[in-house]
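Chain and residue survey
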Number of protein chains: 2
Amino acid sequence: SLAGLIDISAHWMTDLKEGVCLAGFWFNHEHCCWKSNTTFTDRDKCPEWESWSQLILGHGEGAFAYILNYFMYVIWALLFSLLAVLLVKGFAPYACGSGIPEIKTILSGFIIRGYLGKWTLIIKTITLVLAVSSGLSLGKEGPLVHVACCCGNILCHLFTKYRKNEAKRREVLSAAAAAGVSVAFGAPIGGVLFSLEEVSYYFPLKTLWRSFFAALVAAFTLRSINPFGNSRLVLFYVEFHMPWHLLELVPFILLGIFGGLWGAFFIRSNIAWCRRRKTTKLGKYPVLEVFVVTAITAVLAFPNEYTRMSTSELISELFNDCGILDSSKLCEYVNDFNSTKGDDLPDRAAGPGVYTAMWQLALALIMKVFITIFTFGMKVPSGLFIPSMAVGAIAGRLLGVAVEQLAYYHHDWAIFSGWCSQGADCITPGLYAMVGAAACLGGVTRMTVSLVVIMFELTGGLEYIVPLMAAAMTSKWVADAIGREGIYDAHIRLNGYPFLEAKEEFSHKTLAMDVMRPRRNDPPLTVITQDSMTVEDVETIINETTYSGYPVVVSRESQRLVGFVLRRDLIISIENARKKQDGIVSTSVIYFTDHSPPLPPSSPSMLKLRSILDLSPFTVTDQTPMEIVVDIFRKLGLRQCLVTHNGKLLGIITKKDVLKHIAQLANQDPDSILFN
Amino acid sequence: SLAGLIDISAHWMTDLKEGVCLAGFWFNHEHCCWKSNTTFTDRDKCPEWESWSQLILGHGEGAFAYILNYFMYVIWALLFSLLAVLLVKGFAPYACGSGIPEIKTILSGFIIRGYLGKWTLIIKTITLVLAVSSGLSLGKEGPLVHVACCCGNILCHLFTKYRKNEAKRREVLSAAAAAGVSVAFGAPIGGVLFSLEEVSYYFPLKTLWRSFFAALVAAFTLRSINPFGNSRLVLFYVEFHMPWHLLELVPFILLGIFGGLWGAFFIRSNIAWCRRRKTTKLGKYPVLEVFVVTAITAVLAFPNEYTRMSTSELISELFNDCGILDSSKLCEYVNDFNSTKGDDLPDRAAGPGVYTAMWQLALALIMKVFITIFTFGMKVPSGLFIPSMAVGAIAGRLLGVAVEQLAYYHHDWAIFSGWCSQGADCITPGLYAMVGAAACLGGVTRMTVSLVVIMFELTGGLEYIVPLMAAAMTSKWVADAIGREGIYDAHIRLNGYPFLEAKEEFSHKTLAMDVMRPRRNDPPLTVITQDSMTVEDVETIINETTYSGYPVVVSRESQRLVGFVLRRDLIISIENARKKQDGIVSTSVIYFTDHSPPLPPSSPSMLKLRSILDLSPFTVTDQTPMEIVVDIFRKLGLRQCLVTHNGKLLGIITKKDVLKHIAQLANQDPDSILFN
């Protein structure tokens, strides 16, 4: 049933994605030239389709037309982004951002109400289209994961089995996340590994199979719908034929270092900017912020051909290996030159056009680097995958062309002599772009296996796994050396979500007694006795404290633990009893025991509450090392744990205490952690 | 450091594997025709190389030569297998079988001494070569996983960090298992997923990356060494060009059903046979058994071309799609026929040769099916992957050719009309063989994702994931419907290893108090008090009981738990104290408290043993559902857990109790479980 469920979910979501794509195409891509009110004009010669200058002035040439196109480009961008931010602000405040940090938190057990609701789904889908169309430096992959999780969550509500069981629902969400990545990249295995490595908290084997199934169905449906128009499953289909040489690992590792540096730099600046946004007045004007960033992006982007086109188009062009028949801009000049040298593919030398393209790309790189920092975290749906990949792809392509030219002009050098003879095609700049993209993505997200597998599925050749892996690993090492966290973890911490990192080992030597409440000098723990407290006593305790649960003990003297009762259950039960049960007054004694003693006839009737008592609360002794306690919290997903000493109840450790303790040990502010 | 470690490990193991392959080639394959004492003669025309008949008689034709070759084939097979079984019997009894069930058990926390030692490694490698060369129906994949784990374990011993830490060692073993599959199939991602899905018990994310790295290094090294002589990473490289049609899913699902049936049938018969071997006199003559099975295999195998060749050769031939230039036996007749029809590839019709090949294959199928049941579990290293795949591949190829002929002769039928016009190449029998192989392997091992990914990496095309998945899923469903366990789990249960299945949900309604010892009418739990027992008392307890540990309580009356002390530690401490510490006599009181009271001067000096006391034993209440208890045991890898009621110690649950309880609920014999 779950398989079928996910199947439907995936279909649903794929349809949505299709909507995103189609809409994106409508607005963004020359592919759909039957839709006329687009802004990218000069690259498309469809007769059905006119640029704004053509539409208004009747002809499409000259400086004025250029300025008009420029103007319209900026206007459309602003319009789209403003619409997006207003929709987000007005209807679904959770629809902004990438959503992956929140989904990670939700999967770890924290509940954010409405985060996966249908309004979020609808608004996020619409605004994602708008935001992508507006030309902002953002991608649609992260938000697609969120959208997929929304679908999964909504479908869960349709089935009783999942509505009740929180754990099962999380499994569905894990599978949905896998499906989301799967449609985003057309990489089902990569999607599953992404869900396993990056998103999920607890990943049982059943989920593996279901995720894989969901991801595959999603990818398959996507292929059937065929949004890219070329029967290929993947977004950036590349087919390289040249093997790579072992010496090329040196530039690949350089790219990895670059990726790591960029990742660390990006995370640091973006977090600094987001913190500034949170703490200063800036955060109060999200619409203005989006307006300004969009305006700057659009103004800077239009003059440069490589920033004007959509980012995924750019990446796809950068990945592409130039063939003879290639008509893409980046290859044209190479071919021009080739045709003067003799028309065979292996011959490669840069014409003057390459240098122009190079500095255009370099400018695009600088612009992307800075604008992305300000874009990610704004109040619009924004993914990071595509911009990061673009940065890496540009850097990689630049390096690739440089190495290629070096090899071409100096093929007699010792380092090239063994493998790169004159006239041979030994360097593939597209491969460098790909490796660079992987490195930057790895630096930002700190993915490893899933990253390599996603890129491997993009290229479809085992041949290139080693370069990709070398780059991903270098990038992770470099980035980890500078800043420990990936962008998602950094945002989780920035927002103070209570996320217990499962990956890191807790290695401090503290004991449970150091962490538990009450502390050494605090008043003793508030407890309820099993057979001597009256309704009034309990109500006093409830009113005077704010704990969400109370341990029940045999007696105050013995402090022997019987069970744990939740505040919520207590309040509801007492209320109900007062209303419906005869003879329950403030002096009624509450019994948590199995069998209640016979009462003297004069006393008020008693209230039996054993049914709301959790008889199997988790306990640890006060001497338990925190290492084990943290492990128990993680693996069993606890919210609280009672601490005993020689069989007597001593205190309680909540998840909040654990998180605060970890934050304290890491010299962070322990009070920044939210908790519900 | 671990990466480097695994790197070396993988290199090592790959070298070993290389040894296996080369040796296999020496004995088995026409590829190495410079090695003259081989038995496969009639297919190879190398001048340097003579068949036995040629060597002895001087010419290689005629009935007598055939009989001689037959005779020598059987003799060699017997020689190899006898040598193998004698080596196993004499030097390393653990080197037999596939090793995967044992590795699963070891990874779940059970210790089998010497199972991963260097003798096992050496003998297993040698005997594996011999066993594969002898022509028995077994593969080298499972044993390779074992060999890889041995390497990993031995390397662990070289580093202090891993020698001490059991958990870290298990992570290395998981990675080694991934590397093992990776070299076996040249499928790094598949290897990682195999390790994750099938072998490993606990798989932290760090291990994922390390496994992937190990698997990749292994695959890469394998490619560098290039044992297959064609610069391809994979064992059975196939390159299909034809897309498949949706209607073809019907035969694919049929293959899945066949695979499931075969898997269930195989597991049932194999387990029945192995049980017979364990319980009857048969088990006492392993050498004779191997001798007989080898003799039967060799006698039956030689006359049939498809069983005479090595199994991996057979599979590779079955997977292969016939091209024009293909000279393999299975395609020759098709090409003969094609050349009379017109020499283009798409035209396909069966010549009379196909029908011969078909019944030969059918005979081979029947033989493989039965002989494998008796082979797996003998006292030689034996893997299951290759024989299962062979069975599936034969069945698939048969079905594929049948469908192909059907489509060829009846391309005007309605079901074919849409997509299979006359003269078009619409059916790929090799794909059917592959799907069949996946189905049978899935039926036997119950792998899902890893199976699909391994097969996907074999073909290198996302195109065929859906057929493979359909077959794998049908196969799993069918097989699960008949018998719940995969072959490895079945063997674990057969051998009674204490393996707590992590995948199955425990859904019975029993409580901890129903499982714990002592039972309701038993004498109370043996406990040690913290400050009132003398050395003599404790020694009496140790001598009268066989428990491996004792709870320590405050006093017999209160039964409040202080800690847990291991029998072993107690014995050693008391012995040491008696020897080295003055004044320790049988009447000395043992104190487990932090501070001991002042003693009257006349009494003997006391023995303080707080240091050996585990102050943080796990406890659950008697009302805890067993579902949760089982979960705790699994996730935290416990060996025992104490049971309390209202703060008083009531009893203890050990892993053995849990396993017995599960076995009881499944109506199995609870006393068959080993425990150390």
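Residues numbered from 1 in each chain as written. Chains lettered and ligands numbered in written order. Predicted model: local features only at pLDDT ≥ 70, side-chain atom pairs only at ≥ 80, totals over all residues. Heavy atoms only, no water.

Section: the packing of helix H26 (residues 626-636) of chain A against helix H27 (residues 655-665) of chain A
Residues and elements named next belong to chain A. Inclusion rule: Between the N-to-C directions of two axes lies an angle of 0 to 180 degrees, each axis being a line fitted to C-alpha atoms and, for a helix, fitted only over the stretch in contact. Every helix listed is a DSSP run of H or I at least four residues long, and every strand listed is a run of E at least two residues long, numbered separately from the N terminus. Oblique is the label for every angle not falling under 35 degrees (roughly parallel), over 145 degrees (roughly antiparallel), or within 65 to 115 degrees (roughly perpendicular). Here is the rule for handedness: rotate from the far helix to the near one, and if that takes an anticlockwise turn smaller than a right angle the crossing is left-handed, while a clockwise turn gives right-handed. When checking whether two residues touch, look at their non-hydrogen atoms; a contact exists if any pair is within 4.5 Å.
Look at H26 against H27: their axes get within 11 Å of each other, and the N-to-C directions meet at 125°. Here H26 lies oblique to H27, going by the angle between them. H26 and H27 meet at a crossing whose hand is left-handed. Between H26 and H27, the residues in contact are Met626, Val630 and Phe633 and Lys655, Val658 and His661, respectively.

Description of the sheet that holds strand E5 (residues 589-591) of chain B
Residue and element names in this part refer to chain B. What counts here: We treat two strands as partners when DSSP finds at least two bridges between them.
Spatially, E2-E5-E6 is the arrangement adopted by the 3 strands of the open sheet, whose pairing is mixed. Of all the strands in the sheet, the pair left with one neighbour each is strand E2 (533-534) and strand E6 (607-608). Where E2 lies against E5, 2 bridges are found, and the strand directions are antiparallel. The partner of Met533 across the bridge, within E5, is Ile590.

Concerning the packing of aromatic side chains
We count it as follows: Any two of the Phe, Tyr and Trp rings considered here, Trp counted by its six-membered ring, make a pair once their centres fall within 6.5 Å; the pair's planes then place it as stacked at under 30 degrees, edge-to-face at over 60, or tilted in between. A 1.4 Å probe rolled over the protein chains alone gives each residue an accessible area, and that area as a share of the maximum for its type sets the label: buried under 20%, exposed over 50%, partly exposed in between.
Summed over the entire model, instances satisfying the criterion amount to 14 aromatic pairs over all chains. Measuring from ring centre to ring centre gives 5.8 Å for Phe194 of chain A and Phe385 of chain A, while their planes differ by 80°; the resulting arrangement is edge-to-face. Of this pair, Phe194 of chain A sits in helix H9 (residues 188-199) while Phe385 of chain A sits in helix H17 (residues 385-409), and the two are 191 residues apart along the sequence. By relative accessible area, which is 0% here, Phe194 of chain A ends up buried. Among the residues examined, Phe385 of chain A registers a relative accessible area of 2% and is labelled buried. Geometrically, the ring pair formed by Trp262 of chain B and Phe266 of chain B is tilted, given 5.1 Å between the ring centres and 40° between the ring planes. Placement of the pair is Trp262 of chain B and Phe266 of chain B together in helix H11 (residues 249-279), with a separation of 4 residues, close to one helical turn. By relative accessible area, Phe266 of chain B is classed as buried at 0%. Chaining the aromatic ring pairs together yields one cluster made of Trp262, Phe266 and Phe376 of chain A.

Here's the deal with the relation of the copies chain A and chain B
Which entries qualify depends on this criterion: A least-squares fit on C-alpha atoms brings the copies together, and the residues used are those whose pLDDT is at least 70 in both copies.
Once chain A is rotated about the relating axis by 180° and shifted along it by 0.1 Å, it coincides with chain B to within an RMSD of 0.2 Å. As the rotation angle and translation indicate, the two copies are arranged about a two-fold axis. Across chain A, the smallest distance between a C-alpha and the rotation axis is recorded for Gly647 of chain A, namely 2.4 Å. Both copies contact each other with a shared surface, as 100% of the interface residues of chain A are interface residues in chain B too.

Keep in mind that these numbers describe shape and distance, not what the molecule does.
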